[in-house]
Amino acid sequence: MIHIEQLHKKFGKNKVLKGVDLDINSKGIIAILGPNGSGKTTLIKSILGMVIPDSGVLSVNGTSIKKNSQYRDQIDYLPQIANFPANLKVKELIAMIKDLRNRPGEDHRLIQLFKLEPFLSKKLGNLSGGTKQKVNLVLALMFDSPIIILDEPTTGLDPIALIHLKELISEEKVKGKTILITSHIMSFVEEMADEIVFLLEGKVYFKGNIGALKSQTETTNFEQAIANLLTQENA
Amino acid sequence: MNYRNLHIIFLLITLLVNAFAKAETITVCASCQHTSLSNAITAAQAGDTILVKKGTYKEYNIVVDKPLTIKGENFPIIDGEDKGEIIRIVSDNVTIDGLFIINVGTSYTSDHAAIRVVRSEHFLIQNVVLEKLFFGIYIEKSNNGKVYHNKVIGDAQDEYNSGNGIQLWYSKNVEVSNNIVQKVRDGIYLEFSDDILIKDNVSTNNLRYGLHFMFSNDDVYTNNTFENNGAGVAVMFSKRIKMFNNTFKKNWGTAAFGILLKEINDAEIKDNLFEENTVAINIEGSNRIVYSGNDFIRNGYAIKVLGACYNNTIEKNNFLYNSFDLSYNSKLNDNVFRDNYWSNYTGYDLDKDGVGDVPFRPVKLFSYVVNKTPETIILMRSLFIDIIDFSEKVSPVFTPDNLQDLTPKMTRY
Amino acid sequence: MLKILKYSFFDLIRSRWSYVYLLFYLGLGSVLLFLNNDLSKAVITLMNVITILVPLIGTIFGVMYYYNSKEFTELLLAQPIKRSSIFIGQYLGVALSLSMSLIIGLGIPFALYGLFQSDEIWDFGLLLVTGTFLTLIFTALAFNIALYNENKIKGFSYAILLWLFMAVIYDGLFLMSLVAFQSYPLDSFSIGATMFNPIDLSRILILLKLDISALLGYTGAVFQKFFGTGFGLLISIVALSLWVVLPVLNIYRKSRKKDF
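Please read all numbers here as calculations on a predicted model, not as lab measurements.

## What to know about the packing of helix α2 (residues 90–101) of chain A against helix α1 (residues 2–13) of chain C
Across the interface, α2 of chain A lies against α1 of chain C with an axial gap of 10 Å and an inter-helix angle of 165°. Between α2 of chain A and α1 of chain C, the crossing angle belongs to the class labelled roughly antiparallel. By crossing handedness, the relation of α2 of chain A to α1 of chain C is classed as left-handed. The segment α2 of chain A lies against α1 of chain C, with Ala95, Met96, Asp99 and Leu100 of chain A engaging Lys3, Ile4, Lys6 and Tyr7 of chain C. Across the contact of α2 of chain A with α1 of chain C, the residue classes tally to five nonpolar, no polar and three charged.

## Concerning the interface of chain C and chain B
Listed by partner, the interface residues are 38 residues for chain C and 31 residues for chain B. Summed over both partners, the interface of chain C with chain B buries about 3000 Å², with 67% contributed by carbon and sulfur atoms. Counting every contact that joins chain C to chain B gives one salt bridge. One salt bridge in this structure joins Asp211 of chain C and Arg381 of chain B, with 2.7 Å as the shortest N-O distance. Along the contact surface separating chain C from chain B lie eight residue pairs in polar contact (both at pLDDT 80 or more).

## Points about a positive patch on the surface
Residues and elements named next belong to chain A. Side chains of Lys10, Lys15, Lys18 and Lys203 sit close together on the surface and give a patch of like positive charge. You can see Lys18 is positioned in strand β2 (residues 14–24). Take Lys18: its relative accessible area is 31%, and that puts it in the partly exposed class.

## Regarding the interface of chain C and chain A
Taken together, the contact between chain C and chain A spans 24 residues of the former and 30 residues of the latter. Each partner contributes to the roughly 2500 Å² buried at the junction of chain C and chain A, and carbon and sulfur atoms together form 56% of this total. For the pair chain C and chain A, the number of links is two salt bridges. Among the ionic pairs, Lys9 of chain A bridges to Asp259 of chain C, the shortest N-O distance being 2.5 Å.

## Some words on the pairing of strand β6 (residues 75–78) of chain A
All names here are of chain A. Side chains Ile75 and Tyr77 of β6 all project onto a buried face; the interleaved residues Asp76 and Leu78 project onto the opposite face, where all are buried too. As paired strands, β6 and strand β7 (residues 147–151) are joined by four bridges and run parallel to one another. If you follow Ile75 over to β7, its bridge partner there is Ile147.

## Overview of unusual backbone geometry
Residues and elements named next belong to chain B. The phi angle at Arg119 is positive, at roughly 45°, despite the residue not being glycine. Tracing the chain through its elements places Arg119 in the loop between β10 (113–118) and β11 (124–126). Given a relative accessible area of 60%, Arg119 falls into the exposed group. For Asn178, which is not glycine, the phi dihedral falls at a positive 55°. On the accessibility criterion, Asn178 (30% relative accessible area) is partly exposed.

## Description of the sheet that holds β10 of chain B
All names here are of chain B. Strand order in the open sheet made by the 12 strands is β4-β7-β10-β13-β16-β19-β22-β25-β28-β31-β34-β37, with parallel pairing throughout. Edge positions in the sheet fall to β4 (62–64) and β37 (324–328), since each has one partner strand and no second. Between one strand and the next, the sheet's axes are offset by a mean angle of 10°, whatever the strand orientation. Relative to strand β25 (residues 232–236), strand β22 (residues 209–214) runs parallel, the two sharing five bridges. The residue bridging Met214 from the neighbouring strand is Met236, located in β25.

## Brief notes about the sheet that holds strand β1 (residues 2–11) of chain A
Residue and element names in this part refer to chain A. Across the sheet, four strands lie side by side as β2-β1-β4-β5; this open sheet has antiparallel pairing. A single partner strand is all that each edge strand has here, and the edge strands are β2 and β5 (63–64). Summarising the sheet, β1 and β2 pair through eight bridges and their orientation is antiparallel. When the bridges of β2 are listed, Leu7 appears paired with Val20.

## What about a nonpolar patch on the surface?
A contiguous nonpolar surface patch, about 640 Å² in accessible area, is contributed by Tyr158, Leu161, Leu164, Phe165, Ile169, Leu173 and Met176 of chain C. Counting through the fold element by element, Met176 of chain C comes out in helix α7 (residues 152–180).

## Description of the UniProt feature "domain: Carbohydrate-binding/sugar hydrolysis" (unreviewed entry) in chain B
All names here are of chain B. Residues annotated by UniProt as "domain: Carbohydrate-binding/sugar hydrolysis" (unreviewed entry) correspond here to residues 52–191 and 198–358. Segment residues 52–191 splits into 0% helix and 44% strand. End C-alpha atoms: 33 Å apart. Across residues 198–358, helical content stands at 0% and strand content at 45%; the span's end C-alpha atoms are separated by 41 Å.

## So, α1 of chain C
Relative to the 16 Å expected for 12 residues at 1.5 Å per residue, α1 of chain C spans 16 Å between its end C-alpha atoms, a close match to the ideal helical length. Buried within α1 of chain C we find Ile4, Leu5, Tyr7, Ser8, Phe9, Asp11 and Leu12 of chain C. Against the buried residues of α1 of chain C lie α2 of chain A together with α2 (16–35), α3 (39–68), α4 (70–77) and α5 (83–113) of chain C.

## Considering the side chain of Lys134 of chain A
All names here are of chain A. By the secondary structure assignment, Lys134 is in helix α4 (residues 129–141). Judged by relative accessible area, which is 16%, Lys134 ranks as buried. A polar side-chain atom of Lys134 sits 3.3 Å from a polar atom in the side chain of Asp158. Not counting residues up to four positions away in its chain, the partners in contact with Lys134 are Phe114, Leu116, Leu157, Asp158 and Ala161.

## A word on the state of the cysteines
Simply put, the disulfide is a covalent bond whose two ends are the sulfur atoms of two cysteines. All names here are of chain B. Across all of its chains, the model carries one disulfide over all chains by this definition. The partner cysteine of Cys29 in its disulfide is Cys32, sulfur to sulfur 1.8 Å. For the disulfide bridge between Cys29 and Cys32, the dihedral angle about the S-S bond is near 95°, and by the sign convention the bridge is right-handed. Looking at Cys29, the relative accessible area reads 12%, which means it is buried. The class of Cys32 is partly exposed, set by a relative accessible area of 23%.

## Considerations on the layout of surface pockets
In this structure, the largest pocket encloses a volume near 1200 Å³. What lines the largest pocket is a set of 39 residues, and nearest its centre among them are Ser343, Asn344, Tyr345 and Thr346 of chain B together with Asn48 of chain C. Of all the elements in the fold, those that place two or more residues in the lining of the largest pocket are β39 (341–342), α3 (365–372) and α4 (383–394) of chain B together with α2 and α3 of chain C. Partitioning the lining of the largest pocket into residue classes produces 21 nonpolar, 10 polar and eight charged.

## Describing the packing of aromatic side chains
A full pass over the atoms with the stated rule returns 33 aromatic pairs over all chains. Taking 6.1 Å as the distance between ring centres and 85° as the angle between the ring planes, the aromatic pair formed by Tyr221 of chain B and Phe226 of chain B counts as edge-to-face. Taken individually, Tyr221 of chain B and Phe226 of chain B each receive the classification buried, so the pair is uniform in this respect. Seen from their ring centres, Tyr170 of chain C and Phe174 of chain C are 6.2 Å apart, and the 70° between their planes marks the pair as edge-to-face. One end of the pair is Tyr170 of chain C and the other is Phe174 of chain C, both in helix α7 and four residues apart, which spans about a single turn. You can call Phe174 of chain C buried: its relative accessible area is 3%. One aromatic cluster is present, formed by Phe213, Tyr221, Phe226, Phe248, Phe274, Phe296, Phe319, Trp342, Tyr345 and Phe360 of chain B through successive ring pairs.

Conventions and cut-offs
Residues numbered from 1 in each chain as written. Chains lettered and ligands numbered in written order. Predicted model: local features only at pLDDT ≥ 70, side-chain atom pairs only at ≥ 80, totals over all residues. Heavy atoms only, no water. Axes fitted to C-alpha atoms, helices over the stretch in contact; angles between N-to-C directions. Helix = DSSP H or I, 4+ residues; strand = E, 2+ residues; numbered from the N terminus. Parallel < 35°, antiparallel > 145°, perpendicular 65-115°, else oblique. Left-handed = near helix turned anticlockwise from the far one by under 90°. Contact = heavy atoms within 4.5 Å. Nonpolar A, V, L, I, M, F, W, Y, C, P; charged D, E, K, R; others polar. Buried area = accessible area lost by both parts, 1.4 Å probe. Salt bridge = Lys/Arg side-chain N within 4 Å of Asp/Glu carboxyl O. Polar contact = N/O pair within 3.5 Å; in protein donor to acceptor, adjacent residues only side chain to side chain. Patch = residues over 30% accessible without salt bridge, like charges linked within 9 Å, V, L, I, M, F, W, Y side chains within 5 Å. Areas by Shrake-Rupley, 256 points an atom, 1.4 Å probe, with all protein chains shown as cover. Lys, Arg positive; Asp, Glu negative; His and termini not counted. Charge placed at Lys NZ, Arg CZ, Asp CG, Glu CD. Buried < 20%, exposed > 50% of the residue type's maximum accessible area, 1.4 Å probe, protein only. Pairing = 2+ DSSP bridges. UniProt positions renumbered as here; feature names shortened; annotations may be inferred. Expected span 1.5 Å × (residues − 1). Disulfide = S-S within 2.5 Å. 1 Å grid on protein atoms, 1.4 Å probe; cavity = no way out; pocket = protein on both sides within 12 Å on 5 of 7 lines; lining within 4 Å. Points joined across faces, edges and corners; volume = space filled by probe spheres on them. Phe/Tyr/Trp six-rings, centres within 6.5 Å; stacked < 30°, edge-to-face > 60°.

Shown next as structure tokens:
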């Protein structure tokens, strides 16, 4: 599905990715973890074509993403910060994204799920952060794409919405999709993730499932395991 | 008995003879007894009328030496075939009316004219059409005549081998009116000619000046139109000229102006319209001139003052949308500006008396800069220029600080 | 690209600032015409306003829009749309909505005043053409500045500096160099120098209309050819078009290489 080989990227003098090799072929939920500045967002943005790598190979579904924009039709993306044009109404934004993608979406179901009906005619500038995040989720999940990338999806959500989100993600997983998630909420990751990709200093430091991680770090607690990964590195 | 009295007696006698003798009409045409104008003149008696029928007459050096009326019917063509002068009038009381004269010979040694009047009085030249000419109508040392309703259409290309449309030289008390003069060197040229009235003429597209005065005093020109001439109208070395109600338009070029005044004293320039000239009035060494009631519209410069000009009064004019209202090349000012309307005025009138409460300074610093470095004109209307103009307005350094209109009008006349 | 253009355009024409801008021109046009009752004077004043204000609004609006829609842009970047389409589309959305405000804002009072029966219609048309060119150019320059500067404050400062430089400083330097080298033939230089500043170019277009009488008083052969024939108009229009095309091409180029 996604094939990454020796991916390098630096911003100015700051080398963020120093030769990432990653193959994601499995269906299911893959959590991309790592300390701040480890290159998570840069990696995701490289996959999305928002960051142009300095060198390396990056292909999605077998085609290189260089000078290509159509492959993004295969990807749904939830950006970290939900900020939309303030003058647009919610329903206009949804209609617009559908128009831009030229695809029908299952927005009605998601709107019902997140109880967004009362806000449809409101301007996006007047919404609260949580509501915006819900709109963000609707936009990201309404298309039935084989790859889904969620960057900090839990930000600002109330507990009920969080439950809905988890259900949604599980549903998508059942449909046999590849779902990439970054999150700081370890419990969320532990609950959802089938596989962990741990980035450190611009490289893939660990790739495997939670069990493998726990056994490698000789801990039973997931959060502890992550912490151990870091201290091992430091030691 | 002196010469002058003799002259008058002779004149009276001629008039009497004319009154008593029955004046005859002699007809000229291809099949008439007289087939040429010269022929007819030789045969005619003083006071006769020669009627020239329609046709083409190839003649030149026709001398009119007795008082005659020469009248064309349906504009007969007198074709000089470029051989020289065509009609020369050397007698008083000659009338030329309704001829179409073409092909005057060009010469570098003598000023051949279509019609030349020499030392004669009471001449009348009217309804004559001149084409392909060198000089048109040349009045030489002749007084008390009239040049009325003629059309002079030249095809001048270069100044050195072209002549003037209507020229007056050492002539007094002549009226030049309702003529149309185009494409010659100077449309109307006056030299040493006093008490001349020039009115209702249209002088356009001439190579040099539409009207040109040299050493001529007490002349009046009114209601004329001067448009698109090489350099406009030049009035030089003359006194007491009155210029009223004329229109000066589109005189464009590097040395072009509506009027050029050079060494002119005691003139009056009133109620004229100056529109879209590079310089509407260019003044050099001219004193005691009154400019009033004129409209200066969209000229490059409305008034450009070079050299010493004293005691001039500029009042009650409209200055509308000129690139520069006034340009001075010195820091001194001895001229009075009052009661004008300036479209560039940005002051206010709090007491509502129709007069602006702050004085207007018509000379901008930028006009001074352009005088020094002409290429800077390309920066006109730049914000930077507006800023330096404003600072100069607040505290004049380069421009005369007493040059201001203390009573600028708020509305145009 | 057309879709992006459409959405940016509608987003902008519904924003408060577009209305303020539109109302400003409506007010300015009406005041100049109906209080002064002098069409020629109104056109001259507007020309002075347009060469200064339109670039300022264009740069500020361009930079502001870019930074304000950054997140929205990122949302778009994740869609299957070409990058250049996103940025050129947004650029055109801003530039066209600003141009619309200008044209409608000035057009209404002038039409009400009875412009169409007047000789000034060409001057007025030129005014709108110049204003539109300046909007296109300075919005494009603003997008360039914003693309090169992630830092909002820096971007805004550069935008203001750019405007200040083009509107005032450039002409100051220009004037000083003309005065300093006045003993040399300068007409080619001075025409050349105007080509490098779109505000000067639009000024030239306006001068050709308003001050042709004064311009023809200058003796240089190059000036004579430039101002005395259609040549000056042609060159200015071509140069202005280049000023639109080159920054837009650079938006295209830069947007393909930039990281978000």
